[in-house]
Amino acid sequence: MTRKTISVEEAQRDFAGMLRDVSTRGDSFVVELHGEPVAEVVPVGVSERSGQKRRELFALMDKAAANAGLSPEEADRVAEEAVTAVRAERARR
């Protein structure tokens, strides 16, 4: 299983091949437009697990906000700070 970066043009030229690699080998593809990432093609299982983890995280954040007595605005601010911290940590890796 590998993660590859390809241009939109490459994805258009061999879309069927890209999907074959995703479905048979579990590869993922970051698709770039003018050198900027715009989309990622991943196996369905990866996407489903990510969605489930996201739902669990938001449920946990809602529970924590309720227990902490935060307003929705305060909870949003705390959540944004957490997301920023996680992204910064991932960028350092």
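As a starting point, this report considers the structure included with it. (Residues numbered from 1 in each chain as written. Predicted model: local features only at pLDDT ≥ 70, side-chain atom pairs only at ≥ 80, totals over all residues. Heavy atoms only, no water.)

1. Here's the deal with the nonpolar core
As a reminder of what qualifies: Side-chain atoms within 4.5 Å link the members of a nonpolar core, which is a set of buried Ala, Val, Leu, Ile, Met, Phe, Trp, Tyr and Cys residues. Burial classes: relative accessible area under 20% of the type maximum marks a residue as buried, over 50% as exposed, and values in between as partly exposed (1.4 Å probe, protein chains only). Each helix is a run of DSSP H or I of at least 4 residues and each strand a run of E of at least 2, with the numbering of both proceeding from the N terminus. In what follows, residue pairs with any heavy atoms lying within 4.5 Å of each other are defined as contacts.
One finds Ile-6, Ala-11, Met-18, Val-22, Phe-29, Val-31 and Val-41 forming the largest nonpolar core, which totals 7 residues. Those elements that place two or more of their residues in this core are helix H2 (15–25) and strand E2 (28–33). Apart from residues no more than four positions distant in its own chain, Met-18 is found in contact with Ile-6, Ala-11, Phe-29 and Val-41.

2. Describing a negative patch on the surface
To be explicit about the condition: Exposure above 30% relative accessible area and the absence of a salt bridge qualify a residue for a patch, where like charges join within 9 Å and nonpolar side chains (Val, Leu, Ile, Met, Phe, Trp, Tyr) within 5 Å. Using a 1.4 Å probe, accessible areas were evaluated by the Shrake-Rupley method; residue-level cover was limited to the displayed protein chains. In what follows, salt bridge is the name for a side-chain nitrogen of Lys or Arg lying within 4 Å of a carboxyl oxygen of Asp or Glu. Charge assignment in this entry is limited to Lys and Arg as positive and Asp and Glu as negative, and neither His nor the chain termini are counted. Note on charges: their place is set at NZ of Lys, CZ of Arg, CG of Asp or CD of Glu.
On the surface, Glu-73, Glu-74, Asp-76 and Glu-80 cluster together into a negatively charged patch. By the secondary structure assignment, Glu-80 is in helix H4 (residues 72–92). Take Glu-80: its relative accessible area is 47%, and that puts it in the partly exposed class.

3. Digging into the pattern of salt bridges
Evaluated as defined, the whole model comprises 7 salt bridges. Residues Asp-21 and Lys-4 are paired through a salt bridge, measuring 3.9 Å at the closest nitrogen-oxygen approach. With Asp-21 in helix H2 and Lys-4 in strand E1 (residues 3–7), the pair connects residues that are 17 residues apart, well separated along the chain. Since its relative accessible area comes to 17%, Asp-21 is described here as buried. Since its relative accessible area comes to 28%, Lys-4 is described here as partly exposed. Where Arg-25 meets Asp-27, a salt bridge forms, and the shortest distance between an N and an O atom there is 2.8 Å. By relative accessible area, which is 46% here, Arg-25 ends up partly exposed. Overall, the relative accessible area of 1% leaves Asp-27 in the buried class. It is possible to trace a salt-bridge network through shared partners that takes in Lys-4, Asp-21, Arg-25 and Asp-27.

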